[in-house]
Amino acid sequence: MSAPTETALGLTESKSVGARVVKAITYALVLILFAGPLLALLVSAFNHVKDPTQLSLIPSGATLDNFRTAFDQGVLKYLLNSFFVVGFGLLLQVAVSVLAGYALARKKFRGMTVVMVAILATLMLPEEILAIPLSLILADLPVVHFNLIGTLAGMIVPLGAWAFSILVMTEFMKDVPRELEEAARIDGAGDLRIFAQIILPMCKPALGVIGVFGFTMIWDQYLLPLLVATDSSSYTLPLALRTLRIDPSVTPGVVMAASLLALLPSVIVFLFFQRSFVQGLTSGALKG
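To keep things clear, this report deals only with the structure shown in the data block. These numbers were taken from a predicted model, which means no experiment stands behind them. (Residues numbered from 1 in each chain as written. Predicted model: local features only at pLDDT ≥ 70, side-chain atom pairs only at ≥ 80, totals over all residues. Heavy atoms only, no water.)

## Comments concerning the packing of aromatic side chains
Then, number 1: Throughout the structure, instances matching the rule amount to eight aromatic pairs.
Then, number 2: When the ring of Phe 215 is compared with that of Trp 219, the centres are 5.7 Å apart and the planes differ by 10 degrees; the resulting orientation is stacked. Placement of both Phe 215 and Trp 219 in helix α10 (residues 204-219) is noted, with a separation of four residues, approximately one turn of the helix.
Then, number 3: Classification of Phe 215 as buried rests on a relative accessible area of 8%.
Then, number 4: Put simply, the rings of Phe 83, Phe 215 and Trp 219 pair up and form one aromatic cluster. (Phe/Tyr/Trp six-rings, centres within 6.5 Å; stacked < 30°, edge-to-face > 60°. Helix = DSSP H or I, 4+ residues; strand = E, 2+ residues; numbered from the N terminus. Buried < 20%, exposed > 50% of the residue type's maximum accessible area, 1.4 Å probe, protein only.)

Here it is as structure tokens:
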């Protein structure tokens, strides 16, 4: 019988056959618990499923009929709407986050503490509380008095400022050595050049973090499109999934196919930005 070994937490790990069997069973149960629903989604998207209680983990009779039916139901249009909203929304959100982060991290101004408290306060408010004020503002945009209800722009503008992204960029930019900025100013560089050529390149890991989280947040938006959309032509895919689910003529397999299309972009974006994402979570900004 193998002697027990000590783990990183100071606990003892037995190497006996019984312990290995228990460990294997535990790992298998955890894998089924977390990967089972995703596997059922993948398999059901390519199967003829007419009863939601008959979802299976074993593929049989693979077909693309579910995707064809989903496209006939307008899923492709909803998918394009989602890409349009997430593309311009994420671009606006990143631009606002890096500029706000630079101002909060590298500048000193009166009322900065109040601004930080206000940004943090937005994280504490659930979306449901903001629903009515947001719908009123979008119906009559202050100063310009535009009505954004019923337009894709109404789903993009509120996404421009997200407290999480602003705080992430602020903390990363605080870690950039002041000496680099002072040396650049001695060489005659202005604020814009320092921001573009020194601060921003050193915050690439943070851009990966806010890119992944921002894409996922915007892509999964449900309440905002629900407030803004007035007809199906401006539906995004998460909102359209509700319509498909309650349509009695649509089978569960079609809903699974549409759900798979809704899931894939987030997975692809995470894989694409995985290196920057992990680096941003583990190492923070570059140290000088």
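## Here's the deal with the packing of helix α7 (residues 163-174) against α10
Then, number 1: The interhelical angle for the contact between α7 and α10, taken along N-to-C directions, is 170 degrees, at an axis separation of 10 Å. Classified by the angle their axes make, α7 and α10 are roughly antiparallel. Contact with α7, carried on its side by Phe 164, Ser 165, Val 168, Met 169 and Phe 172, involves Pro 205, Ala 206, Leu 207, Val 209, Ile 210 and Phe 213 of α10 and no other residues of that element.
Then, number 2: Counted by class, the contact of α7 with α10 contains 10 nonpolar, one polar and no charged residues. (Axes fitted to C-alpha atoms, helices over the stretch in contact; angles between N-to-C directions. Parallel < 35°, antiparallel > 145°, perpendicular 65-115°, else oblique. Contact = heavy atoms within 4.5 Å. Nonpolar A, V, L, I, M, F, W, Y, C, P; charged D, E, K, R; others polar.)

## Thoughts on unusual backbone geometry
Then, number 1: With a phi close to 75 degrees, Val 143 is a non-glycine residue in the positive phi region.
Then, number 2: Position of Val 143 among the secondary structure elements: in the loop between α5 (127-139) and α6 (153-156).
Then, number 3: The exposure class of Val 143 is exposed, given its relative accessible area of 76%.

## Considerations on the side chain of Thr 63
Then, number 1: Residue position: Thr 63 is located in the loop between α1 (17-45) and α2 (65-72).
Then, number 2: For Thr 63, a relative accessible area of 13% gives the class buried.
Then, number 3: At a separation of 3.1 Å, a polar atom in the side chain of Thr 63 contacts the main-chain amide nitrogen of Asp 65.
Then, number 4: With near-sequence residues (within four places) excluded, Thr 63 lies in contact with Ala 45, Phe 46, Asn 47 and His 48. (Polar contact = N/O pair within 3.5 Å; in protein donor to acceptor, adjacent residues only side chain to side chain.)

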